[in-house]
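Spelled out, the chains give:
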Amino acid sequence: HPILIGKPDEIEAEAEKSGFNIRGAQIIDPENYDRMDEMVEMFCELRKSKGVTPEQARQTLSQANYFGTMLVKMGVADSLLGGATYSTADTVRPALQLIKTKPGNSIVSSCFILVRPSATGENEVLAMADCAINIHPTEDELVEIAGESAACAKIFGVDPKVAFLSYSTLGSGK
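Residues numbered from 1 in each chain as written. Predicted model: local features only at pLDDT ≥ 70, side-chain atom pairs only at ≥ 80, totals over all residues. Heavy atoms only, no water.

(A) Representation of the pairing of strand β3 (residues 111–117) in the model. Sheet analysis places β3 next to strand β4 (residues 123–129), joined by seven bridges and oriented antiparallel. Note that in β4 the partner of Cys111 across the bridge is Ala129. The antiparallel hairpin formed by β3 and β4 contains five residues in its connecting segment, where Gly121 sits at a positive phi of about 95 degrees. (Pairing = 2+ DSSP bridges. Helix = DSSP H or I, 4+ residues; strand = E, 2+ residues; numbered from the N terminus.)

(B) Spatial organisation of the nonpolar core. Core analysis: the biggest nonpolar cluster contains 17 residues, and Met39, Phe43 and Leu61 have the highest contact counts within it. Listed by contribution, the elements that provide at least two residues to this core are α2 (36–46), α3 (54–61) and α4 (64–73). Examining the composition of this core, we find that five residues originate from one element, α2, more than from any other. For Met39, the contacting residues outside a window of four places in its chain are Tyr33, Leu61, Phe67, Met70, Leu71 and Met74. (Core = buried A, V, L, I, M, F, W, Y, C linked by side-chain atoms within 4.5 Å. Buried < 20%, exposed > 50% of the residue type's maximum accessible area, 1.4 Å probe, protein only. Contact = heavy atoms within 4.5 Å.)

(C) Structural view of the packing of aromatic side chains. What the rule picks out here adds up to two aromatic pairs. Ring centres 5.3 Å apart and planes at 85 degrees place the aromatic pair Tyr33 and Phe67 in the edge-to-face group. Here Phe67 lies in helix α4 and Tyr33 lies in the loop between β2 (26–28) and α2, a separation of 34 residues in the sequence. A relative accessible area of 12% places Tyr33 in the buried class. (Phe/Tyr/Trp six-rings, centres within 6.5 Å; stacked < 30°, edge-to-face > 60°.)

(D) Quick peek at the side chain of Arg47. Assignment of secondary structure puts Arg47 in the loop between α2 and α3. The charged side chain of Arg47 is buried without a salt bridge, its nearest counter-charge being Glu45 at 12 Å. Sequence-distant contacts of Arg47, defined by excluding residues within four places in its chain, comprise Val52, Gln97 and Leu98. (Lys, Arg positive; Asp, Glu negative; His and termini not counted. Salt bridge = Lys/Arg side-chain N within 4 Å of Asp/Glu carboxyl O.)

(E) Here's a closer look at the environment of Gly6. Within the secondary structure, Gly6 sits in the loop between β1 (3–5) and α1 (8–18). In sequence terms Gly6 and Glu139 are 133 residues apart; their C-alpha atoms lie 42 Å from each other. Ignoring sequence-local partners within four residues, the contact set of Gly6 consists of Ile11, Ile27, Ile28, Asp29 and Pro30.

(F) Spotlight on the packing of α2 against α4. For the pair α2 and α4, interaxial distance at closest approach is 11 Å and the crossing angle is 90 degrees. The pairing of α2 with α4 is recorded here as roughly perpendicular in orientation. Across the interface between the two elements, Met36, Met39, Met42, Phe43 and Leu46 from α2 touch Tyr66, Phe67, Met70, Leu71 and Lys73 from α4. The residue inventory of the contact of α2 with α4, partitioned by class, reads nine nonpolar, no polar and one charged. (Axes fitted to C-alpha atoms, helices over the stretch in contact; angles between N-to-C directions. Parallel < 35°, antiparallel > 145°, perpendicular 65-115°, else oblique. Nonpolar A, V, L, I, M, F, W, Y, C, P; charged D, E, K, R; others polar.)

These values are about where atoms sit, not about what they do.
Structure follows, in structure tokens:
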């Protein structure tokens, strides 16, 4: 079931106003989370090299991007969708700090799944990888990105055929 993070009354009012059916979703308010002490303790342990205090941890965990990332780290949630209200950097930073990279990988990359109608009327599923994370990847990093993207595409039933495009042309990425 989906988990929504925030104040229940505000989320329910916004859903009603926008016409979204959120029945069946669990709403967790960081201010009233029954496992917050456990979360703070784990956060402090994960960030001990930075000297994070419990007070600092509570303040940081009041932000939905950090709170949601800790829900994933604690096994409460399976994944986190972010980016609509946070920048890419603010979405990825908590994951890098708290979850780290996949064992055996040296970098983090992103993968967007696009579903669109094809000319035959069926849906076409595309995996677009690393559109915003690694600006100047090395050859080895490109190999890792391609392999992880192909693995992600397979999860969504795509028979991967990897193509590489340049990050930007004529300075469009500045």
